[in-house]
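Fold and geometry: a report
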Amino acid sequence: MLYRLIFVMLLVVSCCTATGKTTAPLNGAIASPDQYGAATAEQIMRQGGNAVDAAIATAFTLAVTYPEAGNIGGGGFMLIWFDGKPYFLDYRETAPAKAHRDMYLDEEKQVIENLSLIGAKASGVPGTVMGLWQAHQRFGTLPWADLVKPAVHYALNGFIVADNQYQYRADLLSQLAGKTNFADYFGTMQAGENFRQPELAATLQRIAEHGPTDFYQGETAKLLVAQMQRDGGLISLADLAGYKAGWREPVVMPWRDYQLITAAPPSSGGIALGQLLGLKQRRAADFTGVSLNSPQYVHLIAEIEKRVYADRANYLGDPDFVTVPQQQLLAPAYLDQRAADINPQQISATASVKPGLEGYHTTHFSVLDKDGNAVSNTYTLNLDFGSGVVVQGAGFLLNNEMDDFSAKPGVPNAFGVVGNEANAIAAGKRMLSSMTPSLLVKDSKVELAIGTPGGSTIFTSIFQVMVNLYDFKLSLAEAVAAPRFHHQLLPKDQINMEPYAPLSPEVQKNLQQKGYKLHTQSWSLGDIQAIKVLDGKVEAVADPRSRGVATVFSY
């Protein structure tokens, strides 16, 4: 009862501040994809935890209340600003030891439909639990068990299912019927009703007591491997025991008066975001007098984006397996060269857009504590509810991240993104990602913490919000709510729009006359969770496209 009372009190505070309006003093903030994650983060910081403590607790909570993407059976990236320094934690999934480059091809070397998306063979070795543990070992202040406790509570006692819990794959139950055990666990989940997960509660309690040892070597590991054996998956006890999360150097580059600090490979997002911002800056004259989301604006952004995607497909992969030319891709001279190729008036022929060097569902939250420490964390199961496989006896979903490899060079994945040899499947390799947790820092203080889900649209969504903020001087709420669009080189000359805020009919007509094909996809472009600090005032905004909650509070 006491725990429920604490939650209700915090929810009242969250509801009162969900708009992100600022009244001094404001010392802490959370932008979370749901109300439960927001309440947990605030509770942890009020108990004396720092931003990393709050991020760990939020991640575990979302594994319960946001099961379509929050997870312990997936992986991700955590970008941390702590005591004036940046840190980047890679807890991306890895390919099992039995994985090989042709594992999703038939005898004629053609890709087998859905094999990398549905079922146990779609899953990489999960990294979330080890990643959260590594973050706690380095920066945590509260006991580990205290950070898992809120998640145990929601799994045991339940949470109220949201109206849009199946927001990206509404027909998922029929897609998975007879192929996985998903319906046995989530078939009764109904909007507006309380949903309990007792098996998951027991798993989380073991993790609270034993840390990652349980997940990677103990009872949970045995349950996971038993599920693999029943369903023909590849993950073994040796794969789990050998998994490692790692600290990498973040991508850091100057942008105007700021330092952009963002995700490093095996995420493509940080390099891509840096290129997008750098290319736009170099073509600033083309944007003079061009209004936001006008036909000319959309064209110019599409020209920039297609070049970034050409580089992504050819050069980016797991740096432990391939040489990623990060410095060259972000070098001023290279960006000058790429910018010079942009055609400000006409669509560049897709076939002419070559790499320039010689030779769906995720979730994000942002946290700020009273000391100015910040976390921007993106983690995922890949598509909604991952592979659809639930570990029997443990109650958690497994990812379908193997689809983020290039099943066959030149063949698009579920997001339509083409990859090549740098992202080919190999045992122990991390699959390329678009996740882009990011920070803008000025005078050694975080001014912006931002991130989003959205697969291949992640870094283009973040880019557009940053442009809205710093070029068009929109407020944070306006910048996040504004219409977004996406172009990724292929399909040829296609501009993707969103149902939430499509481009105006006049703009669409003009773009079609220019030669673009317009496609309105069934899901919105991202779910931005952002915190902005300016002149000591804190603002937190959750994307109106979904059910997120943003709170600012003093403590």
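Residues numbered from 1 in each chain as written. Predicted model: local features only at pLDDT ≥ 70, side-chain atom pairs only at ≥ 80, totals over all residues. Heavy atoms only, no water.

Per an unreviewed UniProt entry, the chain goes by the name Glutathione hydrolase proenzyme and belongs to Rheinheimera muenzenbergensis. Quoted straight from UniProt, the Subunit (unreviewed entry) entry for the chain says "This enzyme consists of two polypeptide chains, which are synthesized in precursor form from a single polypeptide." Taken from UniProt, the Pathway (unreviewed entry) comment for the chain reads in full: "Sulfur metabolism; glutathione metabolism." (UniProt positions renumbered as here; feature names shortened; annotations may be inferred.)

What the chain contains, in helices and strands, is 18 helices and 17 strands. For the chain, the C-alpha radius of gyration of 22 Å lies close to 24 Å, the compact-globule estimate for 555 residues. Principal-axis analysis of the C-alpha atoms gives the chain an extent of 65 × 65 × 40 Å. Of all 555 residues assigned to the chain, the portion counted as buried reaches 63%. Across the chain, the centroid of the 44 positively charged side chains sits 3 Å from that of the 52 negatively charged ones. (Helix = DSSP H or I, 4+ residues; strand = E, 2+ residues; numbered from the N terminus. Rg over C-alpha atoms; globule rule 2.2 N^0.38 Å. Buried < 20%, exposed > 50% of the residue type's maximum accessible area, 1.4 Å probe, protein only. Lys, Arg positive; Asp, Glu negative; His and termini not counted. Charge placed at Lys NZ, Arg CZ, Asp CG, Glu CD.)

The next point concerns helix α12 (residues 269–282). The end-to-end C-alpha separation of α12 is 20 Å, in line with the 20 Å expected for 14 residues at 1.5 Å each. The element α12 is largely enclosed, with a buried count of 12 among its 14 residues. Those residues of α12 that fall on the buried side of the exposure criterion are G269, G270, I271, A272, L273, G274, Q275, L276, L277, G278, L279 and K280. (Expected span 1.5 Å × (residues − 1).)

Another point: the sheet that holds strand β6 (residues 246–248). The seven strands are arranged β6-β3-β2-β10-β9-β1-β17 in an open sheet whose pairing can be described as antiparallel. With one partner strand each, in any of the chains shown, β6 and β17 (549–553) form the two edges of the open sheet. Strand-to-strand twist in this sheet, taken as the mean axis angle between neighbours without regard to direction, amounts to 15°. In this structure, strand β9 (residues 361–368) lies alongside strand β10 (residues 374–382), joined through eight bridges in antiparallel fashion. The residue bridging H364 from the neighbouring strand is T378, located in β10. In this fold helix α2 (residues 35–46) packs onto β1 (28–32), β9 and β17, with an angle of close to 20° to the strand it touches most, β17. Contacts from helix α3 (residues 51–65) reach β1, β2 (75–82), β9 and β10, with the element oriented near 20° to β10. (Pairing = 2+ DSSP bridges. Axes fitted to C-alpha atoms, helices over the stretch in contact; angles between N-to-C directions. Contact = heavy atoms within 4.5 Å.)

Our focus in this paragraph is the packing of aromatic side chains. Enumeration over the complete set of coordinates arrives at 26 aromatic pairs. Aromatic side chains F159 and F195 sit 6.1 Å apart centroid to centroid with 85° between the ring planes, which places their arrangement in the edge-to-face category. Linking F159 in strand β4 (residues 159–160) with F195 in strand β5 (residues 194–195), this pair joins segments that are 36 residues apart in sequence. With a relative accessible area of 6%, F195 lands in the buried category. Counting every residue linked through ring pairs, the aromatic cluster contains Y36, Y154, F159, F182, F186, F195 and F385. The cationic tip of R138 hangs over the ring face of W247; the distance from NZ or CZ to the ring centre is 4.7 Å. The ring of F287 carries K280 above its face, with NZ or CZ at 4.2 Å from the centroid. (Phe/Tyr/Trp six-rings, centres within 6.5 Å; stacked < 30°, edge-to-face > 60°. Lys NZ or Arg CZ within 6 Å of the ring centre and 35° of its normal.)

Here we take up the sheet that holds strand β16 (residues 537–542). Read from one edge of the open sheet, six strands run β7-β8-β11-β12-β15-β16, paired in antiparallel fashion. In this open sheet, the two strands that pair with only one neighbour each are β7 (251–255) and β16. With direction set aside, neighbouring strand axes in the sheet form an average angle of 20°. Bridge count for strand β12 (residues 445–451) against strand β15 (residues 529–534) is four bridges, and the pairing is antiparallel. Paired with L448 across the bridge in β15 is K532. The strands that helix α16 (residues 458–470) touches are β7, β8 (258–262), β11 (438–442), β12 and β15; relative to β12, the one it contacts most, it runs at about 135°.

Across the five residues that make up β11, a large majority, four, are buried. Counted between consecutive antiparallel strands, the loop separating β11 from β12 contains two residues, among which D443 sits at a positive phi close to 55°.

Let us look at the side chain of H486. Structurally, the position occupied by H486 is in the loop between α17 (476–481) and β13 (494–497). In contact with H486, not counting residues within four places along its chain, are E305, Y309, S456, T457, T460, Q494, I495, N496 and L525.

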